[in-house]
Amino acid sequence: MAKLILFGSIVVTFFNVLYFLIVFDIFQHAWFYIFTDVSAQFMYTLNFLASVFCMVEVAEPGYEAITYSLITTVSNTVSPLSMVISYQFLAFFPALNTQDGIATDTDEVRWDFAMLHMLTIVINLTSLLALPLLPRQKKETRELVARGEHSVFWGKFALYSAMIFLAYSTMVTFATVVLHDVYGCFK
């Protein structure tokens, strides 16, 4: 399972690096852009599939659907948070904040986008730091479940993290919508 996630992450990183060929006008073609985007999304799907395999092994009999829905909900909760953080990163790259700035297509815009994209790749790669926490095979996963050990600390950590991330992304999204004159991107 960990090998599948590692492989998927490496392939996603490879396809993300291919965007630099487009950014620096080495190879610009609409089909190449679509190919890199679709391929990266396919690998993200494989990584999600690996987590689904893990869910089946971890769930107690009779609670498989609840476990699956809980983990899928938490996974989907991260999506608005990632969008909020992405928009906040854009503040460091003013040339990318407007359509007019992007339309100029200057070297500054290209380098800003390249730096933003590199930052995104590095942040994505930091998720691999959690890879050693995963069990290596089904056998290890079943042994963990059979022992029935529970960690109050990690349970609270996961619950509080999810609540903080959800509250943060909700507040920032709400502030963007309500205070669109000040914080909104549609001026």
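Above this text is the structure in question.
Could you clarify how one ought to interpret the overall build of the protein in this entry?
Check the secondary structure of the protein and you find eight helices and zero strands. The secondary structure elements of the protein, listed N-terminal to C-terminal, are α-α-α-α-α-α-α-α. The dimensions of the protein, computed from C-alpha atoms along their principal axes, are 60 × 40 × 25 Å. When burial is assessed residue by residue, the protein has 26% of its 187 residues classed as buried. Contacts spanning at least 24 positions in sequence make up 62% of the contacts within the protein whose residues lie at least 6 apart. As displayed, the protein has an accessible area near 13,600 Å², and 71% of this comes from carbon and sulfur atoms.

What should I look at first to understand the nonpolar core in this one?
Most often, soluble globular proteins keep nonpolar side chains buried together rather than apart. If you look at the biggest cluster of nonpolar residues, it comprises nine residues: Val11, Val12, Phe15, Leu18, Tyr19, Ile22, Phe32, Ala40 and Met43. Broken down by secondary-structure element, the contributors of at least two residues to this core are helix 1 (2–23) and helix 2 (30–58). With six residues, helix 1 is the largest single contributor of residues to this core. Excluding its chain neighbours within four sequence positions, the residues that come into contact with leucine 18 are Phe32 and Thr36. Leu90, Ala95, Leu96 and Val109 belong to the second-largest nonpolar core, a separate cluster that totals six residues.

What is the right way to look at the environment of alanine 59 in this model?
Counting through the fold element by element, alanine 59 comes out in the loop between helix 2 and helix 3 (64–90). Accessibility expressed as a relative area gives 9% for alanine 59, which makes it buried. Separated by 86 residues in the primary sequence, alanine 59 and valine 145 place their C-alpha atoms 8.4 Å from one another.

Explanation requested: the pattern of salt bridges in the structure shown.
Two side chains with opposite charge may pair up if their charged atoms get near one another. According to the stated counting rule, one finds one salt bridge in the structure shown. A salt bridge links aspartate 105 to arginine 110; its shortest N-O distance comes to 2.8 Å. According to the relative accessible area criterion, aspartate 105 is partly exposed, its value standing at 41%.

What's the story with the side chain of asparagine 16 in this structure? I'm lost.
Relative to the helices and strands, asparagine 16 resides in helix 1. Setting aside chain neighbours within four positions, we find asparagine 16 in contact with Tyr44, His117, Ile121 and Asn124.

Help me out: how do you make sense of the side chain of threonine 67 in this one?
Among the secondary structure elements, threonine 67 is positioned in helix 3. By relative accessible area, threonine 67 is classed as buried at 19%. From its side chain, threonine 67 meets the backbone oxygen of tyrosine 63 in a polar contact 2.8 Å long. For threonine 67, the contacting residues outside a window of four places in its chain are Met55 and Ala59.

Before we go on, may I ask you to explain unusual backbone geometry in this structure?
Excluding glycine, residues mostly have negative phi values, and the peptide bonds linking residues are mostly trans. The phi dihedral of aspartate 25 is positive, around 60°, even though this residue is not glycine. With respect to the secondary-structure elements, aspartate 25 resides in the loop between helix 1 and helix 2.

Is there a simple way to explain the packing of helix 3 against helix 7 (residues 152–178) in this structure?
For any two helices packed against each other, one specifies the inter-axial angle together with the distance between the axes. Running from N to C, helix 3 and helix 7 point in directions that differ by 55°, and their axes come no closer than 9 Å. If you check the angle between helix 3 and helix 7, you find them oblique. Crossing hand, helix 3 versus helix 7: left-handed. Touching Thr77, Pro80, Leu81, Val84 and Gln88 of helix 3 are Phe165, Leu166, Tyr168, Ser169, Val172 and Thr173, all from helix 7. Taken together, the residues that form the contact of helix 3 with helix 7 break down as seven nonpolar, four polar and no charged.

About the criteria used
Residues numbered from 1 in each chain as written. Predicted model: local features only at pLDDT ≥ 70, side-chain atom pairs only at ≥ 80, totals over all residues. Heavy atoms only, no water. Helix = DSSP H or I, 4+ residues; strand = E, 2+ residues; numbered from the N terminus. Buried < 20%, exposed > 50% of the residue type's maximum accessible area, 1.4 Å probe, protein only. Contact = heavy atoms within 4.5 Å. Areas by Shrake-Rupley, 256 points an atom, 1.4 Å probe, with all protein chains shown as cover. Core = buried A, V, L, I, M, F, W, Y, C linked by side-chain atoms within 4.5 Å. Salt bridge = Lys/Arg side-chain N within 4 Å of Asp/Glu carboxyl O. Polar contact = N/O pair within 3.5 Å; in protein donor to acceptor, adjacent residues only side chain to side chain. Axes fitted to C-alpha atoms, helices over the stretch in contact; angles between N-to-C directions. Parallel < 35°, antiparallel > 145°, perpendicular 65-115°, else oblique. Left-handed = near helix turned anticlockwise from the far one by under 90°. Nonpolar A, V, L, I, M, F, W, Y, C, P; charged D, E, K, R; others polar.

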